[in-house]
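Analysis of the macromolecular model
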Amino acid sequence: INPVLHSLLIDGVCNGVGSVLSFLPIIVTLFFFLSLLEDSGYMARVAFVMDKMLRKIGLSGRSIVPMLIGFGCTVPGVMASRTLPSERDRKMTILLTPFMSCSAKLPIYGFFTAAFFPGRGGRLIMVALYFLGILVGILMALLSKRTIFKGEAVPFVMELPNYRMPGAKNVGHLLWDKAKDFLQRAFTVIFMATLVIWFLQTFDGHLNIVSDSQESILATVASVIAPVFAPMGFGDWRISTALITGFMAKESVVSTLSVLFGQTSVLLGCITPVSAASLLVFCLLYTPCVAAIASIKRELGSKWAVGVVIGQCVIAWVAAFVVYLVGSAIV
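None of these values were measured; they are calculated from a predicted model.

This part covers the overall build of the chain. Broken down by element type, the chain carries 16 helices and 0 strands. In summary, the chain has a C-alpha radius of gyration of 21 Å against a globular reference of 20 Å for 331 residues, a match within 12%. Dimensions of the chain, computed from C-alpha atoms along their principal axes, come out at roughly 65 × 55 × 40 Å. The 331 residues of the chain split such that 48% are buried. Considering only contacts within the chain whose residues lie at least 6 apart along the sequence, 73% involve residues at least 24 apart. Carbon and sulfur atoms make up 69% of the accessible area of the chain, which amounts to about 15,900 Å² in all. Distance from the positive charge centre (25 side chains) to the negative charge centre (16 side chains) of the chain: 10 Å.

This is the structure we're talking about:
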């Protein structure tokens, strides 16, 4: 078989479908437990307990549910915001949900903390990253409350249902609706983006198949972008390439680095622990994956989706730059 066609089918199509399906178990599992909590009558009480705290940052208690789901995956978190009665609260919640560190970022945290911060320090850094995401989300909520989302959240009025055993029919119906909606809406965007990444990784500027990834179009683009990350201590084109592929799925950051650097020792020689900490903060805060952007586009429109991508990249750059400056001063 022609090597281009073979690469397209294996590296492009199969990886594209696989990347889509890899989100499905997370969504089904999260919505399974969410539906259990909702059908049992407990979720309404969680929202009631959190209402007073969230109202201080301009949200109602109902917003806690999408943001909690966002720690598992941003996509169902965005989808869960549909239940919010206020348009203002719904938009604000969707924009804040990506700041909650999703499970897809765990491989990145584990890889860098094991390589640069072994032992108890690595575990503390991983916990600190989660709290940093929450803190940035709170700061953005306070800023949004005084700018684009002025005003107060809608009054919290909810009838607390009686506790009961969840019904299998209700749980199954919710799972089917969410899974089908995700596959129909997000499949095309993820699939096409995977093919684009495959094309950029496979060919050079003259459309010849490359044997060395450094000669690919993607490496050329990453080399142009790399100086943007130089002030944060990781201006290597291979790291820029990993961050670009991370836009597809955050797990691919580690796999891309493994392919491009070959051995962890090579990576250790390219960046310092301070640069690694700066990179971790950037990975925590920069644009969510294509699936999440597709969900935001569907809920709020293209302008808001583009705004999320640009806004979070700027926030991530500033936060990572501050971490690098402070870390360099301390070290």
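Now, onward.
Before going further, it helps to spend a moment on unusual backbone geometry. Phi angles above zero are rare outside glycine, and leucine 207 is one such case at about 60°. By the secondary structure assignment, leucine 207 is in the loop between helix H9 (168-202) and helix H10 (217-229). The exposure class assigned to leucine 207 is exposed, which follows from its relative accessible area of 53%.

Moving on, we come to the packing of helix H6 (residues 87-96) against helix H15 (residues 290-300). Relative orientation and spacing of two packed helices are given, respectively, by the angle between their axes and the distance between those axes. For the pair H6 and H15, the least separation of the axes is 11 Å and the interaxial angle reads 170°. The orientation of H6 with respect to H15, classified from their angle, is roughly antiparallel. Contacts between H6 and H15 involve Arg90, Lys91, Ile94 and Leu95 from the former and Ile296, Glu299 and Leu300 from the latter. Residue composition of the contact of H6 with H15, grouped by class: 4 nonpolar, no polar and 3 charged.

Considering the arrangement of structural elements, one finds threonine 113 in helix H7 (residues 106-116). Judged by relative accessible area, threonine 113 falls into the buried class, the value being 5%. In this structure the side chain of threonine 113 is engaged in a polar contact, spanning 2.5 Å, whose partner is the backbone oxygen of tyrosine 109. What threonine 113 contacts, discounting residues up to four positions off in sequence, is Pro118, Gly122, Ile125, Met126 and Leu280.

Further remarks concern the packing of aromatic side chains. Overall, the coordinates contain 12 aromatic pairs when judged by the stated rule. Note on phenylalanine 229 and phenylalanine 282: the rings are 5.3 Å apart at their centroids and 85° apart in plane angle, and the pair reads as edge-to-face. In this pair, phenylalanine 229 sits in helix H10 while phenylalanine 282 sits in helix H14 (residues 273-285), placing the two residues 53 residues apart along the sequence. There is no split in this pair, since phenylalanine 229 and phenylalanine 282 are both buried.

Attention now goes to the pattern of salt bridges. Taken as a whole and judged by the stated rule, the model has 6 salt bridges. A salt bridge links arginine 238 to aspartate 236; its shortest N-O distance comes to 2.9 Å. Residue arginine 238 is classed as buried on the basis of its relative accessible area, which comes to 18%.

Moving on to the environment of alanine 249. Within the fold, alanine 249 resides in the loop between helix H11 (237-245) and helix H12 (252-261). In this structure, the C-alpha to C-alpha distance between alanine 249 and valine 290, residues 41 residues apart in sequence, is 7.2 Å.

With 27 residues, helix H8 (residues 120-146) extends 40 Å between its outermost C-alpha atoms, agreeing within 8% with the 39 Å of an ideal straight helix rising 1.5 Å per residue. Buried within H8 we find Gly122, Leu129, Gly133, Val136, Gly137, Ala141, Ser144 and Lys145. Among the structural elements, helix H3 (43-55), H6, H7, H14 and helix H16 (302-330) are those in contact with the buried residues of H8.

Here we come to the packing of H10 against H11. Between H10 and H11, whose axes approach to 8 Å, the crossing angle comes to 105°. Here H10 lies roughly perpendicular to H11, going by the angle between them. In contact with Leu218, Ala219, Ala222, Ser223, Ile225, Ala226 and Phe229 of H10, H11 contributes Trp237, Ser240, Thr241, Leu243, Ile244 and Thr245. Its residues assigned to classes, the contact of H10 with H11 shows 9 nonpolar, 4 polar and no charged.

Rules behind the numbers
Residues numbered from 1 in each chain as written. Predicted model: local features only at pLDDT ≥ 70, side-chain atom pairs only at ≥ 80, totals over all residues. Heavy atoms only, no water. Helix = DSSP H or I, 4+ residues; strand = E, 2+ residues; numbered from the N terminus. Rg over C-alpha atoms; globule rule 2.2 N^0.38 Å. Buried < 20%, exposed > 50% of the residue type's maximum accessible area, 1.4 Å probe, protein only. Contact = heavy atoms within 4.5 Å. Areas by Shrake-Rupley, 256 points an atom, 1.4 Å probe, with all protein chains shown as cover. Lys, Arg positive; Asp, Glu negative; His and termini not counted. Charge placed at Lys NZ, Arg CZ, Asp CG, Glu CD. Axes fitted to C-alpha atoms, helices over the stretch in contact; angles between N-to-C directions. Parallel < 35°, antiparallel > 145°, perpendicular 65-115°, else oblique. Nonpolar A, V, L, I, M, F, W, Y, C, P; charged D, E, K, R; others polar. Polar contact = N/O pair within 3.5 Å; in protein donor to acceptor, adjacent residues only side chain to side chain. Phe/Tyr/Trp six-rings, centres within 6.5 Å; stacked < 30°, edge-to-face > 60°. Salt bridge = Lys/Arg side-chain N within 4 Å of Asp/Glu carboxyl O. Expected span 1.5 Å × (residues − 1).

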